[in-house]
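# Commentary on secondary and tertiary structure
Next come the chains, spelled out residue by residue.
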Amino acid sequence: KSSKREWKPLEDHSCTDVPWLLLFILFCVGMGFICGFSIATGAAARLLSGYDSYGNICGQKNVKVEGIVNSGLDLTHKKYVFFLDPCNIDLVHQKIKSIALCVSACPRKELKTLADIQKFAETNGSTLCSYELQPSEYTTDPRAAKLCPKYPVPESAPIPFFHRCAPVNISCYAKFAEALITFVSDSSVLHRLISGVMTSKEIIMGLCLLSLVLSMILMVIIRYISRVLVWILTILVILGSLGGTGVLWWLYAKQRMSAGALETQIAKDNLQALLIYAIAATVFTVILFLIMLIMRKRVALTIALFHVAGKVFIHLPLLVFQPFWTFFVLILFWTYWITVLLFLGTTGSPVPNEEGFVEFRMAGPLKYMWWYHVVGLIWISEFILACQQMTVAGAVVTYYFTREKRNLPFTPILASVNRLVCYHLGTVAKGSFIITLVKIPRMILMYIHTQLKGKENACARCMLKACICCLWCLEKCLTYLNQNAYTATAINSTNFCTSAKDAFVILVENALRVAAINTVGDFMLFLGKVLIVCSTGLAGIMLLNYQRDYTIWVLPLIIVCLFAFLVAHCFLSIYEMVVDVLFLCFAIDTKYNDGSPGREFYMDKVLMEFVENSKKSMKEAGRGGGAEGRELKPM
């Protein structure tokens, strides 16, 4: 019955879900309290200046910690933290298992013996052994083996802004990565992977820039030649898939024929990687062809819908830049969040541990503050993404329901942002909170599944995976419903629940149209992402082929393809969002208007042609009395 309520697009503007906005503001105040508390308790100074194993903050005078020797020292002239064994990393407790000292300078060259360490202390005035040893005792005192750094001491350099001495040689980090990547049984493989990335870093950066340029070009193509875009993408993807698969098999055959000349392990690894890539590309090409064969009858409807979306981008060019500012805001928030998380890691009172050193721990309810901080990461991130959805929805709704396009606001995007800030922040806060409620249990179950891996029985493992899968599906459905609820809010200025209910009724009444038109449009956008990834990957294969004798391909190519997909997804997701908003507006327009006086359509001539073409197409499909024809008869 709610679907019979009168829709009045853009006629009334009122504040929606104000209590949820107040709740969100209070939550953000709590996030600010956590940051202020951590700074007030000295966590910021300990994080930025660094502290040693005895609780002394480097670069300042310190207060004595009861029961801890070497605490309360004046370290005004010792501003850098130095670890006696910087490569000894404890992954379980996420810390370096080494004594930390405050020193006046980091060793800028490798020190191979205790005599070198002693000479460095006498020359630079920077003592790298524990405070109770004098430089003259480094080579004579038997305690030096425990209280001095493990030698050879690697060349180090201070980390900017954080005053920690970090090893310059990448081999230390390679050992750290070996501990993380448990599936690598041969440590030399990992060293070759890392060296391959370092050798190809210029190529990787150039290919990442190429993916960004290709995404921008594809957006321009969508704007100006949307009528032929679908066919162009289809042909290019077919050619790209066949070409990429053919090139991989050609390179594999070429290197296999010269197998007798293969002497290096890197060349053998590249040959095996080429075979894997070629087989995977062949399977992917076959699956892609089968999907396109099934979807071929829906292409005509998709062309019309893409043309309408292309006109939206012509009138609203600032839509293209939405991913940039959203990504920029997310980066700023994530930087703040990580900084406060690091503050929390050094917040608390100094407590002696089992080894006689100092650790900072929080007692009482304050030790659960990081849970609040984690919830804030999810909710505020979803809030930022929901603001983008509401902004895009408001701009497209303004375009669609403005009969005379000459009367559009000068910048519909800014007008949409203004309406969002003035009226609908509460709705966005409520929608993002609902996604957070689903995401948190899923993340907890994923954490439990990771911790119990190999320990639980088959039944428990199956139930955990089923629950995770169900929550993931629920999250995706709610995200789609939220986006349509934001569109309904932008149209009628109703609160979140009313908008979600109205949008859900419209979507259910047009279920087959949603499946037939919207899904095909999303699939064609997916083909655009595939095109960008394949083009970038093919360019990467051709460039890396010139370095095959001394560079292993696997990791550089994976990095480039992942980055290309993320860039393409960020750009084309805006186009996908515009298509979804247009479809809901179109469904509302055709439901409540029939073109008669007083109930004129809001759609322009191109959408009228879309209606007529869809009507003819659906009538032909419904002549056999199928369910699809009956459902689409109101068109």
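Anything mentioned here points back to the structure above.
Predicted model only: the values in this text are computed from it and were never measured. (Residues numbered from 1 in each chain as written. Predicted model: local features only at pLDDT ≥ 70, side-chain atom pairs only at ≥ 80, totals over all residues. Heavy atoms only, no water.)

Another aspect to go through is the layout of surface pockets. Reported here for the second largest pocket is a volume of approximately 1600 Å³. If you trace the second largest pocket, you find 42 residues lining it, with Leu 385, Gln 388, His 569, Cys 570 and Ser 573 closest to the centre. Those elements giving two or more residues to the lining of the second largest pocket turn out to be helix 7 (201–224), helix 11 (322–345), helix 12 (369–400), helix 13 (412–451), helix 14 (458–492), helix 16 (511–544) and helix 17 (554–592). Ranked by residues supplied to the lining of the second largest pocket, first place goes to helix 17 with 11 residues. Of the residues assigned to the lining of the second largest pocket, the class counts are 22 nonpolar, 12 polar and 8 charged. (1 Å grid on protein atoms, 1.4 Å probe; cavity = no way out; pocket = protein on both sides within 12 Å on 5 of 7 lines; lining within 4 Å. Points joined across faces, edges and corners; volume = space filled by probe spheres on them. Helix = DSSP H or I, 4+ residues; strand = E, 2+ residues; numbered from the N terminus. Nonpolar A, V, L, I, M, F, W, Y, C, P; charged D, E, K, R; others polar.)

Here we take up a nonpolar patch on the surface. A cluster of nonpolar side chains, Leu 341, Tyr 368, Trp 370, Trp 371, Ile 444, Tyr 447, Ile 448 and Leu 452, forms an exposed patch at the surface whose accessible area comes to about 800 Å². Those elements that provide at least two residues to the nonpolar patch are helix 12 and helix 13. At 3 residues, helix 13 tops the list of elements feeding residues into the nonpolar patch. Among the secondary structure elements, Trp 370 is positioned in helix 12. (Patch = residues over 30% accessible without salt bridge, like charges linked within 9 Å, V, L, I, M, F, W, Y side chains within 5 Å. Areas by Shrake-Rupley, 256 points an atom, 1.4 Å probe, with all protein chains shown as cover. Salt bridge = Lys/Arg side-chain N within 4 Å of Asp/Glu carboxyl O.)

Under the defined criterion, the tally for this structure stands at 5 salt bridges. Glu 382 is the partner of Lys 439 in a salt bridge, and the nearest nitrogen-oxygen pair spans 3.6 Å. Taken together, the residues Lys 439 in helix 13 and Glu 382 in helix 12 connect sequence positions 57 residues apart. Two residues, Lys 591 and Glu 509, come together in a salt bridge whose shortest N-O distance is 3.0 Å. Note that Lys 591 is positioned in helix 17 and Glu 509 in helix 15 (residues 496–509), a separation of 82 residues in sequence. Judged by relative accessible area, Glu 509 falls into the partly exposed class, the value being 33%. (Buried < 20%, exposed > 50% of the residue type's maximum accessible area, 1.4 Å probe, protein only.)

Before going further, it helps to spend a moment on the side chain of Ser 381. Relative to the helices and strands, Ser 381 resides in helix 12. Residue contacts for Ser 381: discarding those within four places in its chain leaves Leu 330, Phe 333, Trp 334 and Gly 376. (Contact = heavy atoms within 4.5 Å.)

What follows concerns the side chain of Ser 416. Within the secondary structure, Ser 416 is located in helix 13. Among the residues examined, Ser 416 registers a relative accessible area of 3% and is labelled buried. In terms of polar contacts, Ser 416 uses its side chain to reach the backbone carbonyl oxygen of Thr 391, at 2.7 Å. Here the side chain of Ser 416 touches Ala 395 through a polar contact of 3.4 Å, landing on its backbone nitrogen. Apart from the residues lying within four places of it in its own chain, the contact partners of Ser 416 are Met 390, Thr 391, Gly 394 and Ala 395. (Polar contact = N/O pair within 3.5 Å; in protein donor to acceptor, adjacent residues only side chain to side chain.)

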